[in-house]
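# Fold and contact review
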Amino acid sequence: MSKKDIFCQIIDGEIPCYKLYEDDDVLAFLDISQVTKGHALVIPKEHYDNFLATPQETMHKVMDVAQRIGQVEIKILGAQGVNILTNCYEAAGQSVPHFHVHVIPRYDNKGGFVLEMHSNSDGLNLPAIAEEIGKSLK
Ligand code: AMP
């Protein structure tokens, strides 16, 4: 049997967490490595490897809780903004192979989190790329 990932161990009560919210399908808790004050993780109780592998209904339940936590963090913690993100696969920075959404409050853009997206459209054929992706979404 394969080893349980750390979030399945949290769900099963084998590892403690600072719980924020729980229902039958979803658990939310503080990230152990706080990027900013209130950095939260939202996960489905059923194991799925990542966002892309999660059935729509479950994904919606997780995103609903992430939205509510973001709203609370603006209202209660005084955050000026919130980053909501999920990494899929190691190449995108995923370190725990269990679908999770980060909710990261932002305070005047200070804190340990810098989201840098370096644009580089040089040499890219945007109409062809749009056509290639778009035709698979029909
Ligand atoms: P990612 O890199 O997107 O897979 O994020 C995984 C996150 O899980 C990291 O931000 C870790 O700090 C966090 N993490 C790992 N172990 C624990 C734990 N036991 N309790 C809370 N957060 C954890």
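Note that this is a predicted model, so its numbers are computed, not measured. Each chain has its residues counted from 1, following the order in which its sequence is written. This being a predicted model, a pLDDT of at least 70 is required before a residue's local features are given, and a value of 80 or more before pairs of side-chain atoms are given or counted; all residues contribute to the totals for chains, interfaces and linings. To get the side-chain values, all heavy atoms of the structure are used, and hydrogens and water are removed first.

## Describing the overall build of the protein
A run of H or I in DSSP counts as a helix once it spans at least four residues, and a run of E counts as a strand once it spans at least two, with each numbered from the N terminus. Of regular secondary structure, the protein possesses 3 helices and 5 strands. Secondary structure elements of the protein, listed N to C terminal, follow the sequence α-β-β-β-α-β-β-α. Counting only C-alpha atoms, the protein reaches 50 × 45 × 25 Å along its principal axes. Note on exposure labels: buried denotes an accessible area under 20% of the residue type's maximum, exposed denotes more than 50%, and partly exposed covers the range between, all computed with a 1.4 Å probe on protein chains only. Counting every position in the protein, which comprises 138 residues, the buried fraction comes to 34%. Put simply, of all contacts in the protein between residues at least 6 apart along the chain, 55% involve residues at least 24 apart. Every accessible area reported is derived by Shrake-Rupley at a probe size of 1.4 Å, with residue values counting cover from the shown protein chains alone. Accessible area of the protein: about 9,300 Å², with a carbon and sulfur share of 55%. Just so you know, the count uses Lys and Arg for positive and Asp and Glu for negative, and it drops His and the chain ends. Think of each charge as sitting on NZ of Lys, CZ of Arg, CG of Asp or CD of Glu. Counting 12 positive and 19 negative side-chain charges, the protein places the centres of these two groups 5 Å from one another. Here, two residues are considered to be in contact whenever any of their heavy atoms come within 4.5 Å of each other.

## Concerning the site of the ligand
Taken together, the neighbourhood of the ligand is formed by 16 residues, with D31, N87, S95, H100 and H102 sitting nearest. Residue S33 places a side-chain N or O atom 3.4 Å away from an oxygen atom belonging to the ligand. Two N or O atoms count as a polar contact when they lie within 3.5 Å, although within protein this holds only if one can serve as hydrogen donor and the other as acceptor, and sequence-adjacent residues are included solely when both atoms are side-chain atoms. Contacts to the ligand include S95, whose backbone N or O atom sits 2.7 Å from an oxygen atom. Protein chains bury 82% of the 510 Å² of accessible surface belonging to the ligand in isolation. Of all the secondary-structure elements, those providing two or more residues to the shell around the ligand are α1 (6-11) and β2 (26-30). The element that contributes the greatest number of residues to the shell around the ligand is α1, accounting for 3 residues. Whether a residue is near a molecule or strand is decided by its heavy atoms; if any one of them lies within 4 Å of it, the residue is near.

## Points about the packing of aromatic side chains
For Phe, Tyr and Trp, rings pair up if their centres lie within 6.5 Å, where Trp contributes its six-membered ring, and each pair is then called stacked (planes under 30 degrees apart), edge-to-face (over 60) or tilted (otherwise). Using the criterion set out here, one finds 2 aromatic pairs in the structure. Aromatic pair F7 and F29: ring centres 5.6 Å apart, planes at 75°, arrangement edge-to-face. Placement of F7 in helix α1 and of F29 in strand β2 is noted, with a sequence separation of 22 residues between them.

## Considering the pairing of strand β3 (residues 40-44)
Counting buried positions along β3 gives 5 out of 5 residues, so the element sits mostly inside the fold. Of the two faces of β3, both are covered, the one formed by A40, V42 and P44 as well as the one formed by L41 and I43. When DSSP finds at least two bridges between two strands, those strands are taken to pair. Summarising the sheet, β3 and strand β5 (residues 101-106) pair through 3 bridges and their orientation is antiparallel. Counterpart to V42 in the pairing with β5 is V101.

## Some words on unusual backbone geometry
Even without glycine at this site, Y89 takes up a positive phi of about 75°. Topologically, Y89 is positioned in the loop between β4 (81-85) and β5.

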